[in-house]
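Structural characterization, general
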Amino acid sequence: MSLVQFNRTCPSQNTEAVDQSSFWSSGSLDWDEHRIGWAIAGGCSVLTVLISMYSVLQHCRYYNRPNEQRQILRVLYMPPVYAIISFFSYRYFRSYTYYSLIESVYEAVTLSAFVLLLIEFVADTAVDHSAAGAMERKNKRSLPFPFCCWRFRPTKAYFMYTIKWSVLQYVIIRPAQSIAGIICEAYNVLCDAGGINPYFAYIYLEIIDFVSISVALYGLILFYALTKDELVGRRPLAKFLSIKLIVMFTFYQSFVFSMLEGRVIKSTEYWTATNIADGLTALATCIEMVFFSAFMCWAYTVNEYKQEGRSSNSIWRPLWDSINYTDFAIEIFGSLKFYVDYARGKPSARSGRRTDIPFTNNPRKKMNFGEAFGVSGSSTYAKPQKAGSLTAPYPYQDTRNADSSSPLSQ
């Protein structure tokens, strides 16, 4: 019986010879294949940023539903983030692995923002403007494939927490995995060019990533399948595809180029086959982001947030909201706290209704620690007012006149 022998030495990703010439050589352009790609990647990245900036500024100008639009802004950042990082990974190709690990972190941020956006959309259809209220219309049903033999009840208290946690866990695991990957690469024990090799860290980090993102995507699919009737008219499929297609394109093109290494893609004096494959992946990403930024501009249209007679908002508050991830922390902490209470058998965690604390997205009504995290003794267990009141303190109200900075309503 023969055993598979694994190479304990990682294939070289960089050559010893370094191209010392610059884009401008002797006062004139030095055009070769690498510099042509350099110019294309830079031009496409600038175009992507301009398209995305237009869409972002439009949402900032008509920032009338902060709970929804702060998540939309985070999603709209995805094409320029990918384009800019891909440009640098093309320009500084010897550090491609570091840039790719950083780039993939924003995928977790985008998926988490997207699921919280869907929850806001669904909550808007309920009488009490809460996602839990919308779930009360749902009957017991089977889980999506491949777990069709199990059934679940959406009205249970744990359901919304489970949906959130299934996606938000990725925003913890993916950055942690990237940090671990960067450390491993610095000590030459990552070896992402080595494929399936148990002597290096890459395969183990990939397994963790696969499990984590599979759980996140399954949670998204489950929630979408359950609430697709409530999401009619909000372009949920287009919104999701604009995110997932970016991930799919970048993954599969990287896979294809890596398969061509040593066969079609040959090494040169200054670049190994891996360098060239990585550069082609980065260049293709820069080009694709132009189209995805335009697609997102349509999928996440600002038209539904425009109101006649409203003066333009300052762009600084929306921009701050979009990079203030306090709402992620509150959602993660709240879900963990719920499961602890559930394991301890607390009645509030066993009821069919959620016990979240209502608050509005209003900077003049800041929550203290107890209010934000549901600590007993908090003084803001306010009784919601009647539906339709714009001043009602329930979580998913239409805050059209509020200038918001506080975290996402639970």
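Residues numbered from 1 in each chain as written. Predicted model: local features only at pLDDT ≥ 70, side-chain atom pairs only at ≥ 80, totals over all residues. Heavy atoms only, no water.

If you look the chain up in an unreviewed UniProt entry, it shows as Organic solute transporter Ostalpha-domain-containing protein from Hygrophoropsis aurantiaca.

**Side note on the nonpolar core**
Looking at soluble globular proteins, one finds that nonpolar side chains tend to be buried together. One finds Met 78, Leu 111, Leu 220, Ile 243, Met 296 and Tyr 300 to be the most contacted residues of the largest nonpolar core, which totals 52 residues. Per-element accounting of this core gives the leading share, 13 residues, to helix H4 (residues 96-123). Contacts of Met 78, omitting those with residues within four sequence positions, involve Tyr 106, Glu 107, Thr 110, Ile 243, Ile 246, Val 247 and Met 296. Within the second largest apolar cluster, 10 residues are counted, among which are Trp 38, Cys 44, Phe 87 and Val 290. (Core = buried A, V, L, I, M, F, W, Y, C linked by side-chain atoms within 4.5 Å. Buried < 20%, exposed > 50% of the residue type's maximum accessible area, 1.4 Å probe, protein only. Helix = DSSP H or I, 4+ residues; strand = E, 2+ residues; numbered from the N terminus. Contact = heavy atoms within 4.5 Å.)

**A few points about the packing of H4 against helix H6 (residues 158-168)**
Across the interface, H4 lies against H6 with an axial gap of 8 Å and an inter-helix angle of 160°. It follows that H4 is roughly antiparallel to H6 by the angle criterion. Facing Leu 111, Ser 112, Val 115, Leu 116 and Ile 119 of H4, the residues of H6 in contact are Met 160, Ile 163, Lys 164, Val 167 and Leu 168. Its residues assigned to classes, the contact of H4 with H6 shows 8 nonpolar, 1 polar and 1 charged. (Axes fitted to C-alpha atoms, helices over the stretch in contact; angles between N-to-C directions. Parallel < 35°, antiparallel > 145°, perpendicular 65-115°, else oblique. Nonpolar A, V, L, I, M, F, W, Y, C, P; charged D, E, K, R; others polar.)

**Focus on the side chain of Arg 70**
Secondary-structure assignment places Arg 70 in helix H2 (residues 66-76). With relative accessibility at 0%, the residue Arg 70 sits in the buried group. Engagement of the side chain of Arg 70 in a polar contact is seen with the backbone oxygen of Asn 324, the distance being 3.1 Å. (Polar contact = N/O pair within 3.5 Å; in protein donor to acceptor, adjacent residues only side chain to side chain.)

**Side note on a nonpolar patch on the surface**
A contiguous nonpolar surface patch, about 690 Å² in accessible area, is contributed by Met 248, Phe 249, Phe 251, Tyr 252, Phe 255, Val 256 and Met 259. If you trace the backbone, Phe 255 turns up in helix H9 (residues 236-259). With a relative accessible area of 45%, Phe 255 lands in the partly exposed category. (Patch = residues over 30% accessible without salt bridge, like charges linked within 9 Å, V, L, I, M, F, W, Y side chains within 5 Å. Areas by Shrake-Rupley, 256 points an atom, 1.4 Å probe, with all protein chains shown as cover. Salt bridge = Lys/Arg side-chain N within 4 Å of Asp/Glu carboxyl O.)

**Observations regarding unusual backbone geometry**
Of all residues except glycine, most have a negative phi; of all peptide bonds, most are trans. Despite not being glycine, Asn 188 shows a phi value in the positive range, around 60°. The topology assignment puts Asn 188 in the loop between helix H7 (170-186) and helix H8 (202-227). You can call Asn 188 exposed: its relative accessible area is 63%. Phi is positive for Arg 235, close to 55°, though the residue is something other than glycine. Its place among the elements puts Arg 235 in the loop between H8 and H9.

**So, the pattern of salt bridges**
All told, the structure shown has 9 salt bridges when counted by the stated rule. The salt bridge partner of Glu 68 is Arg 65, with a shortest N-O separation of 3.6 Å. In terms of burial, Glu 68 and Arg 65 fall into one category: buried. Lys 337 is the salt-bridge partner of Asp 341, the closest N and O atoms lying 3.0 Å from each other. Here the residue Asp 341 and the residue Lys 337 both occupy positions in helix H12 (residues 326-343), the gap between them amounting to 4 residues, near one helical turn. Look at Asp 341 and you get buried, because its relative accessible area is 8%. The exposure class assigned to Lys 337 is partly exposed, which follows from its relative accessible area of 27%.

**Looking at the environment of Phe 333**
Along the chain, Phe 333 turns up in helix H12. When its relative accessible area of 38% is taken as the criterion, Phe 333 is described as partly exposed. When the C-alpha atoms of Phe 333 and Trp 165 are compared, they prove to be 9.7 Å apart, with 168 residues separating the residues in sequence.

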